[in-house]
Amino acid sequence: MGTIEGTFLDFKDLDRLATGDTAIHGLDPRAKVLVTVVFIVSVVSFGRYELTALLPFFIFPAVIMALGNLPVFYIVKKVAVVIPFALVVGMLNPIFDRQVYVHVGTLDIPGGWISFVSIVVRAVLTAGAALILVGVTGFPAICMALEKMGMPQAFAIQLLFLYRYIFVLTEEGSRVSRARELRSFGNRGKGMQSYGSLLGHLLLRTWQRAERIHMAMLARGFTGAFHARHLYRFGRREVVFLLGWSTLFIFMRLHNASQLLGSLATGILR
Amino acid sequence: MSHHIVEVAGLQHVYSDGTAALRGVSFRILHGESVALVGANGAGKSTLLLHLNGYLSPTSGFVRVGDFPLTRETVTEVRRTVGMIFQDPDDQLFMPTVYDDVAFGPLNLGFPPDEVEQRVMKALATVGIEHLQDKPPYRLSGGEKRRAAIASVISMSPAILVMDEPTTGLDPLARRQLITLMREFRHTKIIATHDLDMVFDVCERTIVMHDGAVMADGPTREIFNDDRLLSECRLERPLSMQGCAVCRKRRQEI
Amino acid sequence: MHMADPLLSPAVGCTMWAASAGTIAYCSAKVRREPDERKVPLMGVLGAFLFAAQMINFSIPATGSSGHLGGGLLLAVLLGPTAAYLTIASVLVVQALFFADGGLLALGCNMFNMGFIPAFIVYPLIYKKIAGNNPTRMRLTLAIMVSAIVGLQLGPFGVVLETLFSGISALPFSTFALLMQPIHLAIGVVEGLVTVAVVSFVQKARPEIIRGARAARPIGNRPVRSVVLAFLVVALFTGGFVSLFASKNPDGLEWAIARATGKEELPAPADGIHTALAAVQEKLAFMPDYTFRKSADAEDVKKRLGGEKDAGLGTSVAGIIGGMMALAIAFLSGLILKKRPGRTD
């Protein structure tokens, strides 16, 4: 999962991206969450030998990244992390699945390779969609959207608290980890014993922090209930956004858009 | 209508492991006073503060806030009157945005949304951070966090402000801004702190604690002139009262 | 041992999602009724702790590799099952969204493998039974070690099963199991040791934490059993429902069997491992007549094996050209849209 400092920076970066003020950022988070869900469901529901049919789906991340002013290289870098694992998992397919599936010109391509690439493409698409969603919406807004759409409030509160304190805890964790680093040499000092002790201390401090937060909550009259603030409105723009993209995804799911484009092109050329 | 806003009498508190944190503390604070609570670490300042809004219960003695003796039934009412600001702002800013944190108190008190909005904007304006209202707390600087924490409490319009080490960790400018802010507050203020120079600037009265008991209680200037008392309680004069730093050094070298 | 999207079929994924979501709803309702509102900040902060802790490593002696705390069991010990489940689930959500750990489809599976199993199976049925109330140091260690090892066998086995039922990966069940289980035995031991270290530390410094966690959750058999039961019911129902509509992909297992029985189109496998594994698999015959889908699919398979150009699946040349075009369009749109008079953020 990378270093703790790196993760901390990642969070801050993604969080900051979400504060942009493009048109996409301004949309009600519910619309964005729903569109992403439709996207992911469409992509994931393809049969395993589909490949060309998946490619048109790249239009969604491309457009949203552009409209949302997200740094493409950054997103690509983060999504690329997904690829090695998909490779390892999918790598087995060409080994076990040797049956020739398609002839391209004079090339005989076994089904295993097709499903392999399909796996990788699907991983990239879904991971990308999730990251982009976070980048144009922000995690807290996503949680509140989910809550409005039916997620239990207790879980939404948990997610919000978790997110909020990840910033604090990763910082503490990196400080503690660095302190240990500076006093260890090679692998000495980094064994299980010091790890257990390090975590124990961190855990205790975390527990005490929880008590102080609780104190602060009580001091401001908390009696167990959280009151939500109703900010966003689901207006015409959101409906257009939602219906537009969903229709496109469903269409591309049911009809191979690559096929259509290709036929069109070759038809014209002929 | 009593003018004694906060009264503490014979307060004793013993922790579950037997340590006596407070050994018979008594004082009366009047409406509008700014009182500093100073003492060494472990003198019992924080423990005392936690009694003032009912988070801790005394082993004996009582606390009275306004007309209410502090009991389980009156705790909610007391917390409306006594606004407490803790040492670590990260512990108090737990909502997704500053606005949400400042609105947390009034919402819990049951005010309708328009009133909540009014209170929040007023509190934010008072501490000067309206422009930060939609920011999440982890993106604020130390000084901004402190001010947000203060705003989150004053939005409940407490009569009494209790603060635990408010100037810790602030850069000089942020600290100066905070001191200016505190001087402008018309609330009754009880401030536990090590920052004796801030005490000098903000509080006309000082209570000195040592080992769970009150050693002295009087005008700040008098207290800070009593060197023997100060050194007994592991304190010293505020730096601004210690004379010219250069001359002092020269005197020491001689 | 995160379950990954690529291995998962939509049918299995949705089933597990439904079951996990149901568990979240149940636990949320329960936590809501919890009289001790200290749980609210505690769950959030401990989740953050877990998150941070998983990024600090320790070196494992004699192997030169490093490991980190999994934490499911630790949370269950500290928070009790319902709160622990919610906390673990929340951490998984963040990991899936931000780091694509596993993926979004597999989130349901991961919540089950790494949340439900430690909290609702291992903790009440193993840990509590061994540790009892007020355990001695020895008992506590034993309880944690056994729980960790068992939990880290069940979890990965869940992954294996989910992969099996998904039928996407062509990896045979037995191979996968043989890969996963032994490795996780070692991981389980390590997890146990680390958890013991942390719990003992806390026990010594602030015993009331461990004591309080146990007392607050009188896990009678009833709540646990009902949760497990409800979970199974939902899973079965959803699984059956969803599979009716699931696309008819040839099952991985079936593939292996079809292959092993030798179709004429099949090129003889270059290495003998292939047939050997297939043979072993048949011998082990986990569920000999297991078909997630009907054998009508075998016919479907045969047809495809004929290498017919199936236009509907986009495998023709036009499909490939079109695919390239689609990518190009996507890329260009992105470029063009970016050039708009920019709003800087």
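This one's a predicted model, so the numbers in the text were calculated from it and none came from an experiment.

1. Describing the sheet that holds strand S3 (residues 34-39) of chain B
All names here are of chain B. In space, the six strands of this open sheet follow the order S6-S7-S8-S3-S9-S10, with mixed pairing throughout. Edge positions in the open sheet fall to strand S6 (82-85) and strand S10 (213-219), since each of these has one partner strand only. Averaged over all pairs of adjacent strands, the angle between their axes in this sheet comes to 15°, without regard to strand direction. Sheet strands in contact with helix H6 (residues 142-154) are S6 and strand S7 (160-164), and its direction is about 165° off that of S6.

2. Examining the pattern of salt bridges
Within the structure shown, the criterion is met by 23 salt bridges over all chains. A salt bridge links glutamate 172 of chain A to arginine 205 of chain A; its shortest N-O distance comes to 3.3 Å. Taken together, the positions of glutamate 172 of chain A in helix H9 (residues 153-182) and arginine 205 of chain A in helix H10 (residues 192-219) put the pair 33 residues apart, joining distant regions of the chain. Linking aspartate 91 of chain B and arginine 209 of chain A is a salt bridge whose minimum nitrogen-to-oxygen distance equals 2.8 Å. Here arginine 209 of chain A lies in helix H10 and aspartate 91 of chain B lies in helix H3 (residues 89-92), a pairing that spans two chains. Classification of aspartate 91 of chain B as buried rests on a relative accessible area of 2%. Sharing partners across several salt bridges, the network here consists of Glu172, Arg205, Arg209 and Arg212 of chain A together with Asp88 and Asp91 of chain B.

3. What to know about the packing of aromatic side chains
Residue and element names in this part refer to chain A. All told, the structure shown has 35 aromatic pairs over all chains when counted by the stated rule. With a centroid separation of 4.9 Å and an interplanar angle of 75°, the aromatic rings of phenylalanine 60 and tryptophan 245 are classed as edge-to-face. One end of the pair, phenylalanine 60, is in helix H4 (residues 59-67); the other, tryptophan 245, is in helix H11 (residues 236-254), with 185 residues separating them in the sequence. Its relative accessible area of 6% is what places phenylalanine 60 among the buried residues. Over the ring of tyrosine 165 we find arginine 164; its NZ or CZ atom is 4.6 Å from the centre of that ring. In this structure, arginine 253 packs its charged tip against the face of phenylalanine 46, placed 4.4 Å from the ring centre.

4. Brief notes about helix H3 (residues 72-79) of chain C
All names here are of chain C. Counting buried positions along H3 yields eight of eight residues, so the element is predominantly enclosed. Regarding H3, the residues found buried are Gly72, Leu73, Leu74, Leu75, Ala76, Val77, Leu78 and Leu79. After H3 finishes, the residue glycine 80 shows a positive phi value of roughly 85°.

5. Focus: the interface of chain B and chain A
Contacts between the two partners involve 29 residues from chain B and, on the opposite side, 28 residues from chain A. When chain B packs against chain A, close to 2600 Å² is buried across both sides, 58% of that on carbon and sulfur atoms. Three residues stand out in chain B for area buried against chain A, namely Asp91, Phe94 and Tyr138 of chain B, and they jointly supply 28% of the buried area on that side. At the junction of chain B with chain A, the criterion picks out six salt bridges. Viewed at the interface, chain A and chain B are joined by eleven residue pairs in polar contact (both at pLDDT 80 or more). Contributing elements (two or more residues each) for the side of chain B that touches chain A: H3, helix H4 (98-109) and H6 of chain B. Each residue belonging to the side of chain B that touches chain A can be placed in one class, and the counts come to 15 nonpolar, six polar and eight charged.

Definitions and limits used
- Residues numbered from 1 in each chain as written.
- Chains lettered and ligands numbered in written order.
- Predicted model: local features only at pLDDT ≥ 70, side-chain atom pairs only at ≥ 80, totals over all residues.
- Heavy atoms only, no water.
- Pairing = 2+ DSSP bridges.
- Helix = DSSP H or I, 4+ residues; strand = E, 2+ residues; numbered from the N terminus.
- Axes fitted to C-alpha atoms, helices over the stretch in contact; angles between N-to-C directions.
- Contact = heavy atoms within 4.5 Å.
- Salt bridge = Lys/Arg side-chain N within 4 Å of Asp/Glu carboxyl O.
- Buried < 20%, exposed > 50% of the residue type's maximum accessible area, 1.4 Å probe, protein only.
- Phe/Tyr/Trp six-rings, centres within 6.5 Å; stacked < 30°, edge-to-face > 60°.
- Lys NZ or Arg CZ within 6 Å of the ring centre and 35° of its normal.
- Buried area = accessible area lost by both parts, 1.4 Å probe.
- Polar contact = N/O pair within 3.5 Å; in protein donor to acceptor, adjacent residues only side chain to side chain.
- Nonpolar A, V, L, I, M, F, W, Y, C, P; charged D, E, K, R; others polar.

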